[in-house]
Amino acid sequence: MTDHKIPLAGVIGSPIAHSKSPALHGHWLKTYGLKGAYIPMDVTDSNLEEVIRMLPKMGFVGVNITIPHKVAALWIADQMTDRATLIGAANTLIFRRDGKIHADNTDGYGFIANLKQGAPGWQPASGAAVVLGAGGAARAVIASLIEAGTTRIILTNRTRLKAEGLKSEFGSKVEVVDWVQAGNVLEEATTVINTTSLGMTGAPEFRVPLDGLRPGTVVTDIVYTPLKTRLLQEAEQAGCITVDGLGMLLHQAVPAFERWFGVRPEVDVNTRSAVLG
Ligand code: ATR
């Protein structure tokens, strides 16, 4: 990047008005006194590729990609990292100086970094992880748990077939149990992760029975509206170590911000307040 150019970045999704990423990157740009701007862009499926190919010509150094474009963006890119390939979706595009579009997925990184910050004693290999849900977020979570050293993942999803699909991709470290059994496997877990949308404001309630949770289990939820979901509230009452989902969003942005703007940002209380408004 040359000195006289202002690096631009942003997030592409649809809808995009509620994205917290502009506040997050805006906060870091201000905190570190950097030149740059980060813009939310509402783009339809049919315009996605054209828009992405146009952005580098306008001074963009990269973009984040969110729902519903994460899978399509991976295929528009010229190159992809191993972790993006494994997850099958991109949340970050980097526009390289040679004109190539490079796709990455930092969701799994964000998930692990959040757990390490929120539960400093967390040991990924200490026992089984129970993963609730088998959508896109579960893919990133499972891939990163395996990479971090977890050897047993108990996966449960309302639609069992989707969980079986992930097992066939990730292999024998993943065991599938029926959704109705979700409450019964919690006592085997040292880590529990909700990757479903249950419990999110406006979504159906999270109703998995939680009496099997043991004290000391690390429990996290990717839902962060509300910040303290029913899962996290009950886990806290059961003596578990709880980590809310906002941190995953904040941490996943760190590698991209560093790449685009040249400074590795801190995720701290000020970052959280800036994003929570
Ligand atoms: P994401 O990519 O963000 O993970 P997704 O692919 O739509 O989103 O996945 C949402 C997850 O929430 C899925 O595991 C989904 O279960 P199904 O595969 O059976 O659809 C789960 N989910 C959504 N609504 C649910 C509900 N009412 N009860 C149980 N699980 C639900």
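Residues numbered from 1 in each chain as written. Predicted model: local features only at pLDDT ≥ 70, side-chain atom pairs only at ≥ 80, totals over all residues. Heavy atoms only, no water.

Which residues make up the site of the ligand, and what values go with them?
With respect to spatial proximity, 15 residues lie near the ligand, and among them Gly136, Asn157, Arg158, Thr159 and Lys162 are the closest. Contact distances for the ligand include 3.0 Å between an oxygen atom and a backbone N or O atom of Ala134. At 2.6 Å, a side-chain N or O of Asn157 approaches an oxygen atom of the ligand. In terms of residue class, the shell around the ligand is built from five nonpolar, eight polar and two charged. (Near = heavy atom within 4 Å. Polar contact = N/O pair within 3.5 Å; in protein donor to acceptor, adjacent residues only side chain to side chain. Nonpolar A, V, L, I, M, F, W, Y, C, P; charged D, E, K, R; others polar.)

Break down the domain arrangement of the protein for me, with residues and values.
When the parts of a complex come together, some accessible area is lost, and that lost area is often taken as the interface size. Taken as a whole, the protein is organised into domain 1 (8-105 + 248-276) and domain 2 (111-244). Between domain 1 and domain 2, the C-alpha centre-to-centre distance is 26 Å. Tallying the contact residues gives nine residues for domain 1 and twelve residues for domain 2. Together domain 1 and domain 2 conceal approximately 1100 Å² of surface at their shared face, both sides included; 63% is due to carbon and sulfur atoms. Of all residues in domain 1, Ile87, Met248 and His251 bury the most surface against domain 2, accounting for 53% of the area lost on that side. The interface formed by domain 1 and domain 2 contains one salt bridge. (Domains from an automatic or database assignment. Contact = heavy atoms within 4.5 Å. Buried area = accessible area lost by both parts, 1.4 Å probe. Salt bridge = Lys/Arg side-chain N within 4 Å of Asp/Glu carboxyl O.)

So, the pairing of strand 11 (residues 218-221): which residues are in play, and what are the values?
Moving residue by residue along a regular strand, the side chains alternate between the two faces of the sheet. Of the two faces of strand 11, the one carrying Val218 and Thr220 and the one carrying Val219 and Asp221 are both buried. Judged from the four bridges that link them, strand 10 (residues 189-194) and strand 11 form a sheet pairing that is parallel. Considered in strand 11, the bridge of Asn194 is made with Asp221. In this sheet, strand 12 (residues 241-243) lies alongside strand 11 in parallel orientation, the contact comprising three bridges. (Buried < 20%, exposed > 50% of the residue type's maximum accessible area, 1.4 Å probe, protein only. Helix = DSSP H or I, 4+ residues; strand = E, 2+ residues; numbered from the N terminus. Pairing = 2+ DSSP bridges.)

Break down the packing of aromatic side chains for me, citing the residues and quoting the values.
The geometry of an aromatic ring pair comes down to the distance between the two centres and the angle between the two planes. According to the stated counting rule, one finds four aromatic pairs in the structure shown. Plain terms: the ring middles of Trp28 and Phe257 are 5.3 Å apart, the flat faces sit at 65° to each other, and that makes the pair edge-to-face. Residue Trp28 is located in helix 1 (residues 21-31), and its partner Phe257 is located in helix 11 (residues 254-261); the two are separated by 229 residues in the primary sequence. Here the two residues Trp28 and Phe257 agree in accessibility, since each one is buried. Ring geometry for Phe257 against Phe261: centres 4.9 Å apart, planes inclined by 50°, an arrangement best described as tilted. Separated by four residues within a single helix, Phe257 and Phe261 lie in helix 11, roughly one turn from each other. (Phe/Tyr/Trp six-rings, centres within 6.5 Å; stacked < 30°, edge-to-face > 60°.)

Summarise the environment of Asp244; cite the residues concerned and give the values.
Within the secondary structure, Asp244 is located in the loop between strand 12 and helix 10 (246-252). Taking the C-alpha atoms as reference points, Asp244 and Val219, separated by 25 residues in sequence, lie 8.5 Å from one another. Filtering out sequence-adjacent residues up to four positions away, Asp244 remains in contact with Asn114, Thr220, Asp221, Leu227, Leu232 and Arg272. Reaching out from Asp244, the side chain makes a polar contact with the backbone nitrogen of Leu246 at a distance of 3.0 Å. Looking at Asp244, its side chain comes within polar contact range of the side chain of Arg272, at 2.6 Å.

I'd like a rundown of the nonpolar core, residues and numbers included.
Ranked by internal contacts, the top residues of the largest apolar core, which has 27 residues, are Phe111, Val131, Ile142 and Leu145. Elements supplying a minimum of two residues to this core: helix 5 (107-118), strand 7 (128-132), helix 6 (136-148), strand 8 (153-157), helix 7 (160-170) and strand 9 (174-178). Element by element, the count of residues in this core is highest for helix 6, at six residues. Here this core spans two domains, since at least three of its residues come from each of domain 1 (8-105 + 248-276) and domain 2 (111-244). Residues contacting Phe111, with those up to four places away along its chain left out, are Val141, Ser144, Leu145, Ile193, Thr220 and Met248. (Core = buried A, V, L, I, M, F, W, Y, C linked by side-chain atoms within 4.5 Å.)

Outline the packing of helix 1 against helix 11, supporting the account with residue identities and numerical values.
Each packed pair of helices is defined by two parameters, the angle between the axes and the distance between the axes. For the pair helix 1 and helix 11, the least separation of the axes is 11 Å and the interaxial angle reads 50°. On the basis of the axis angle, helix 1 is oblique to helix 11. In this structure, helix 1 meets helix 11 at a crossing whose hand is right-handed. Mapping the contact onto sequence places His25, Trp28 and Leu29 in helix 1 and Val254, Phe257, Trp260 and Phe261 in helix 11. The class makeup of the residues in the contact of helix 1 with helix 11 is six nonpolar, one polar and no charged. (Axes fitted to C-alpha atoms, helices over the stretch in contact; angles between N-to-C directions. Parallel < 35°, antiparallel > 145°, perpendicular 65-115°, else oblique. Left-handed = near helix turned anticlockwise from the far one by under 90°.)

Any chance you could break down the sheet that holds strand 8 for me, citing the residues and the numbers?
Strand order in the open sheet formed by six strands is 9-8-7-10-11-12, with parallel pairing between adjacent strands. Either end of the sheet is taken by a strand with one partner, and the two such strands are strand 9 and strand 12. For this sheet, the mean inter-axis angle between neighbouring strands, taken without regard to orientation, is 20°. Inspection of the sheet shows strand 7 paired to strand 8 by four bridges, in the parallel sense.

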